[in-house]
Amino acid sequence: MSALRLGDIAPDFEAVTQEGPISFHKWMGDSWTMLMSHPADYTPVCTTELGAVARYKPEFDKRNVKLIAVSCDPVESHNGWIGDINETQKCTVNFPIIADPERKVARLYGMIGYHDDMPKDKQPNPALTVRCVFIIDPTKTVRLILVYPASCGRNFDEIIRVIDSLQITTYKKCTTPANWKPGDDVIISPAVKDEEAKTLFGDFTKLKPYLRLTKDPSLPK
Ligand code: BEZ
């Protein structure tokens, strides 16, 4: 299994989805992307997760983030299950789900893992994907990797919060403090000297030479 790390180039691949075949990097274009795996179609937590992502799609669109899911199930299974997701989660699944029965994408991204809902000696065989999230930027660089246990549905508010932080810190010379949310003060990067900080951000509060806070630069001045 590959051990992808933050800063690596996201591996390219060809795959089949319920929306047709894709070539991953070409499909991404100049967008950010959330690539997420789930353990299996027709399972309860996964049904709520993909429903949540479909309902949040306008939030991802606003941030120029394309969505793509993957599991080891075939396209026919995705097509049938999407009907259940739409019905029970009051949504329309409007993003591709990769069918990866050969586990090509799953292995490339290291998505196969331990299922905490089953005893160690009764793990699925062949092994399945766990709940992974990869946020990839427009340069195809991996910027966030999350792995959640099979038993716990992901928090997509938190994932959107990290995307907001990644986007602000990529485009401005700042970082974001604990529990930050858009609109809260940001931290001026330690590499930025006070004079440059004044030019870039205007007023700032210097609690320590290494801890300087300023208004969220995405707010109107
Ligand atoms: C679920 O989606 O509910 C689930 C799937 C695989 C393992 C455990 C839970």
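Just so it is clear, the model here is predicted, and its values are computed rather than measured.

Visitor: Before we move on, can you summarise helix 3 (residues 75-89) with the specific residues and values?
Guide: Helix length check: helix 3 (15 residues) gives 20 Å between terminal C-alpha atoms against 21 Å at 1.5 Å per residue, within 8%. Listed as buried for helix 3 are V75, S77, H78, W81, I82, I85 and Q89. Of the surrounding secondary structure, the elements contacted by the buried residues of helix 3 are strand 1 (14-17), helix 2 (44-62), strand 4 (65-71) and strand 5 (97-99). Directly beyond the C-terminal end of helix 3, a positive phi value near 50° is found at K90.

Visitor: Can you tell me about the side chain of R63, naming the residues and giving the values?
Guide: Structurally, the position occupied by R63 is in the loop between helix 2 and strand 4. Those residues in contact with R63 that sit more than four places away from it in its chain are W32, I160, I163, D164 and Q167.

Visitor: Now, about the packing of helix 2 against helix 3: what can you tell me, with residues and values included?
Guide: Contact pair helix 2 / helix 3: the axes reach a minimum separation of 9 Å and the direction vectors enclose 70°. What the angle tells us is that helix 2 and helix 3 run roughly perpendicular. The segment helix 2 lies against helix 3, with C46, T47, T48, L50, G51 and R55 engaging W81, I85, T88 and Q89. Classifying every residue of the contact of helix 2 with helix 3 gives 4 nonpolar, 5 polar and 1 charged.

Visitor: Summarise the sheet that holds strand 3 (residues 32-37); cite the residues concerned and give the values.
Guide: Backbone-to-backbone hydrogen bonds pair the strands of a sheet. The strands run either parallel or antiparallel. Ordered in space as 2-1-5-4-3-6-7, the 7 strands form an open sheet in which the pairing is mixed. In this open sheet, the two edge strands, each paired with only one partner strand, are strand 2 (20-23) and strand 7 (142-148). On average, each strand axis in the sheet is inclined to that of its neighbour by 30°, with strand direction left out of account. Alignment of strand 3 against strand 4, held across 6 bridges, turns out to be parallel. Counted as the bridge partner of W32 is V65 from strand 4.

Visitor: So what's going on with the site of the ligand? Residues and values would help.
Guide: In the vicinity of the ligand, the contacting residues are P39, T43, P44, V45, C46, H115, D117, R131 and A150. Within the complex, the protein chains bury 87% of what would otherwise be the 260 Å² of accessible surface of the ligand. Take the shell around the ligand: its biggest share by element is 3 residues, from helix 2. Among the residues making up the shell around the ligand, the classes are represented as 5 nonpolar, 2 polar and 2 charged.

Basis of the calculations
- Residues numbered from 1 in each chain as written.
- Predicted model: local features only at pLDDT ≥ 70, side-chain atom pairs only at ≥ 80, totals over all residues.
- Heavy atoms only, no water.
- Helix = DSSP H or I, 4+ residues; strand = E, 2+ residues; numbered from the N terminus.
- Expected span 1.5 Å × (residues − 1).
- Buried < 20%, exposed > 50% of the residue type's maximum accessible area, 1.4 Å probe, protein only.
- Contact = heavy atoms within 4.5 Å.
- Axes fitted to C-alpha atoms, helices over the stretch in contact; angles between N-to-C directions.
- Parallel < 35°, antiparallel > 145°, perpendicular 65-115°, else oblique.
- Nonpolar A, V, L, I, M, F, W, Y, C, P; charged D, E, K, R; others polar.
- Pairing = 2+ DSSP bridges.
- Near = heavy atom within 4 Å.
- Areas by Shrake-Rupley, 256 points an atom, 1.4 Å probe, with all protein chains shown as cover.

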